[in-house]
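Listed below, chain by chain, are the residues.
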Amino acid sequence: MKKIMKVITAVMLLASLVLPLSNAKAQTTLKSIKEKGQLVVGTSADYPPFEWISIEDGQEEIIGADIDLAQKIADEIGVELVIENMGFDGLIPSLKTNRVDILIAGMGYTEERAEQVDFSTPYYETTDYFVVRAEDAEQFEDVSAFAEKRLGAQKASIQEGIILSEFPDANLTSLGKNNDLIQSLLTNRLDAVLLDEVAAAQFIKQNDGKLVLLEEFPFIDEEAQTGQSVILNKDNEDLLEVINGVVEEMVENGEYDELIEKYIELI
């Protein structure tokens, strides 16, 4: 019996030594991306013109300005781009478990996120507004009108945080996909949805005459200081340097703004 216990103890000790090494190998680095020949990017493709699903001849394709940014980063590294589409609230967990290498999903800085991940140089800034049904717009004469309404935001988003902070008595519905929020608004299950102004404009365009933007009520989260960034795991300086190089060039030469305009035209 003692011999058996010694063997079991030895196996457990060996496992405790091997598992940390295995986890270390799984950690995404610039070197590991080059070795596998792929950059796996997590996104939530419900956010036009940044990323959304386009259907052409019956075939689905994820397109948008963020996807082109992802391709630029993959090209700079010299690897194939692979896109993983998922709910917004699943993005950071997927990054931290190394299911994906980086995130590009219109995600901005918050202190809570910064405890878990790192941020690239920002590549785009927007302001948040409520979208409501056109026939209900007159109900919202001032900010107090939102206080007890059925409000919607994307789960784990900055917009969700704004509603929780500014309208604690509202009936908040948080969903993983913006498309589902808009559908809930159109079918009278929500009274208003908070979105950034660029994405909001595209959903309004897609539902011509049915939705309007309440431009008189802008919302800016002071914590989200810097706009949208590429997200990656902490302590990955080599990869961050490459990403920042691509982002800063595209911002400085106006290429990212041009991509936004390009994809707005395609919606």
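Details of the structure are given in the entry above.
Residues numbered from 1 in each chain as written. Predicted model: local features only at pLDDT ≥ 70, side-chain atom pairs only at ≥ 80, totals over all residues. Heavy atoms only, no water.

A.B. asks: How would you sum up the sheet that holds strand E9 (residues 150-154)? Please name residues and give values.
C.D. replies: Pairing is mixed in the open sheet, where five strands are placed in the order E10-E9-E11-E8-E12. Strands with a single pairing partner mark the edges of an open sheet, and in this sheet they are strand E10 (171-175) and strand E12 (211-213). Going from strand to strand, the sheet's axes swing by 30° on average, the running direction of each strand aside. As paired strands, strand E8 (residues 128-133) and E12 are joined by three bridges and run antiparallel to one another. Paired with Val-132 across the strands is Val-212, a residue of E12. Along the sheet, helix H7 (residues 178-186) contacts E8, E9, E10, strand E11 (192-196) and E12; its crossing angle with E11, the most-contacted strand, is approximately 145°. (Pairing = 2+ DSSP bridges. Helix = DSSP H or I, 4+ residues; strand = E, 2+ residues; numbered from the N terminus. Axes fitted to C-alpha atoms, helices over the stretch in contact; angles between N-to-C directions. Contact = heavy atoms within 4.5 Å.)

A.B. asks: An account of helix H10 (residues 255-266) is needed here, citing residue identities and associated values.
C.D. replies: The end-to-end C-alpha distance of H10 is 17 Å, a good match for the 16 Å that 12 residues give at a rise of 1.5 Å each. Along H10, the positions that sit buried rather than exposed are Tyr-256, Leu-259, Ile-260, Tyr-263 and Ile-264. For H10, the angular spread of the buried residues around the axis is 135°, confining them to a single face. Residues of H10 that are exposed and angled more than 90 degrees away from the buried face: Glu-258 and Glu-265. Among the structural elements, strand E3 (51-56), strand E4 (59-63), helix H3 (65-77), helix H8 (197-206) and helix H9 (237-252) are those in contact with the buried residues of H10. (Expected span 1.5 Å × (residues − 1). Buried < 20%, exposed > 50% of the residue type's maximum accessible area, 1.4 Å probe, protein only. Arc of directions from axis to C-beta.)

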